[in-house]
Amino acid sequence: MPEPLKLWRNAKLATCDERARCLERGALLTRGARIEWVGDEAALPAAAAALAPAQVHDLEGAWVTPGLIDCHTHLVFAGTRAAEYAQRLRGRSYEEIARSGGGILATMRAVRAASAAQLFDESAPRLAALLAEGVTTIEIKSGYGLTLADEAKMLRVARELGRAFPVTVRTTLLAAHTLPPEYAGRPDAYIDDIVREWLPALKAEGLVDAVDVFCERIAFSVDQAQRLFVAAGALGLPVKAHAEQLSNQGASLLAARHRALSSDHLEYAGAAEAAALAAAGSVAVLLPVAFYCLGDSQRPPIQALRAANTALAVASDCNPGSAPGTSLLLAMSMATRLFGLTSEEALLGVTRHAAQALGLGAERGSLAAGQAADFVVWNVRSPEELGYWIGFNPRRSVIRAAEVQRWPNTNP
Ligand code: NIG
Ligand code: FE
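Residues numbered from 1 in each chain as written. Chains lettered and ligands numbered in written order. Predicted model: local features only at pLDDT ≥ 70, side-chain atom pairs only at ≥ 80, totals over all residues. Heavy atoms only, no water.

**Structural notes on the site of ligand 1**
For clarity, the threshold we go by: Near, as used in this document, describes a residue that has one of its heavy atoms within 4 Å of the molecule or strand being considered. Any N or O atom pair separated by 3.5 Å or less is treated as a polar contact, with the protein-specific requirement of one donor-capable and one acceptor-capable atom, and with residues adjacent in sequence counted only for side-chain atom pairs. In short, Shrake-Rupley with a 1.4 Å probe defines the accessible areas, and a residue's cover is counted only from the protein chains shown. Throughout, the ten residues Ala, Val, Leu, Ile, Met, Phe, Trp, Tyr, Cys and Pro are labelled nonpolar, Asp, Glu, Lys and Arg are labelled charged, and all others, Gly among them, are labelled polar.
Taken together, 15 residues lie near ligand 1, and Arg81, Tyr94, Tyr144, Gln245 and Ser322 sit nearest. Tyr94 places a side-chain nitrogen or oxygen 2.4 Å from an oxygen atom of ligand 1. Within the side chain of Gln245, one N or O atom sits 2.7 Å away from a nitrogen atom of ligand 1. With the chains in place, 100% of the 330 Å² that ligand 1 exposes on its own is no longer accessible. When grouped by side-chain class, the residues that make up the shell around ligand 1 number 4 nonpolar, 9 polar and 2 charged.

Given below as structure tokens:
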């Protein structure tokens, strides 16, 4: 049977394609789960005229964007770190807390103690909150298990969330998040085990779409990251890095040498990093919620990134330590106000450029023929409202794989 054709008409389209066009009298034709045609309604292909009324959706002049993409999250975790936040409010730093055995290690203990079912149940409401804002694709990292079995548990829960909810999940192995106690004083042995045993095993189970590393004084060195990247490359897996968040370790330059999908955070990066990322086609992923929540003052080098023409993405970084947030719209607001992105940059940052940061640019992130039929209909007067409201969600409806989602679709 040929796949059904559907018409979505009477829409204002923020295409987020290479030309970032806005069509004030636009329409979309979808076939099966893909977009077949996008353009002015006046130029609709003839096939559209023959469609039965049930196949035609009148979007009543509303604005439509591609489904939003949250390209950097640690959404699967157990417990909270509210007590650490309270300590930070009293002046203790994130680094100090990490060095004294808290931070990522505190969440590691909670994740190791949790069953897969508990992890799923704690993570599901966070995912539901993101989906309510029109997120249709999300990246979820491991990195709080730090044993082979517990990293696998996290990644399986991430995959399970993707089956239970109307969302595309990309998984990233972040075993190199911090050094677990079993390897105290032996970071190279830890990297060796990830490279030799964990990575091949987890990949063989279909649990890894990309490999990430936290390069930092309190985490891993550039040499260790390089060994991980070489191993990932040998398995055909793309890489990315938590880079230059608290200090400049040279992680972005390394990431660029390995043609990383993205280099993320970048508060301590500069013009050299911006140019290297642009030349490598790596996306700069900005995480303003972490900047906000850590009370940072060092901003990523936005002017240099712009000057180098580096693609800019914006993500929630949802995690229990530095960014306990489940709002991509709020991340857009913070990216504009705190980092100085324009409204257009923020929107491309959660659509086209976010797709690129996940290696999905050819199939997601814009309204164009051949792309997934994932889009969001908004109650806004202009797309600028998407990074403007603070804590208000103007989503009207979400269409995923050309199906209008039942709403509220906050339960699997
Ligand atoms: O993206 N920087 C390292 N990883 C996370 C924080 C993880 C945590 O504190 O639990 C981040 O900010
Ligand atoms: Fe992160």
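**So, the domain arrangement of the protein chain**
Put simply, the rule is: Start and end positions for the domains come from either an automated domain assignment or a database one. Here a residue-residue contact requires only that any non-hydrogen atoms of the pair lie within 4.5 Å. What gets called buried area is simply the loss in accessible area from a 1.4 Å probe that two parts show on being joined, summed for both.
For the protein chain, the assigned domains read domain 1 (5-65 + 366-404) and domain 2 (68-357). Here the C-alpha centroids of domain 1 and domain 2 sit 31 Å apart. Facing 20 residues of domain 1, the contacting portion of domain 2 comprises 21 residues. When residues of domain 1 are sorted by the area they lose upon contact with domain 2, Cys16, Leu386 and Arg400 head the list and together hold 32% of the total.

**What about the packing of aromatic side chains?**
How two aromatic rings sit relative to each other is set out by the distance from centre to centre and by the angle between their planes. Applied cut-off: Two aromatic rings, drawn from Phe, Tyr or Trp (for Trp, its six-membered ring), form a pair once their centres lie within 6.5 Å of each other, and the interplanar angle then sorts them: stacked below 30 degrees, edge-to-face above 60, tilted otherwise. Numbered from the N terminus, helices here are DSSP runs of H or I no shorter than four residues, and strands are runs of E no shorter than two. Three exposure classes are used, based on accessible area relative to the maximum for each residue type with a 1.4 Å probe and protein chains only: buried under 20%, partly exposed in between, and exposed over 50%.
The full count for this structure, using the stated rule, is 7 aromatic pairs. Aromatic side chains Phe291 and Phe339 sit 5.0 Å apart centroid to centroid with 75 degrees between the ring planes, which places their arrangement in the edge-to-face category. One end of the pair, Phe291, is in helix H10 (residues 288-293); the other, Phe339, is in the loop between helix H12 (328-337) and helix H13 (343-349), with 48 residues separating them in the sequence. An identical accessibility class is assigned to Phe291 and Phe339; each is buried. Ring geometry for Tyr388 versus Trp389: centroids 5.0 Å apart, planes at 70 degrees, classification edge-to-face. Residue Tyr388 is classed as exposed on the basis of its relative accessible area of 52%. Through successive ring pairs, a cluster of aromatic residues spans Tyr183, Tyr190, Trp198 and Phe220.

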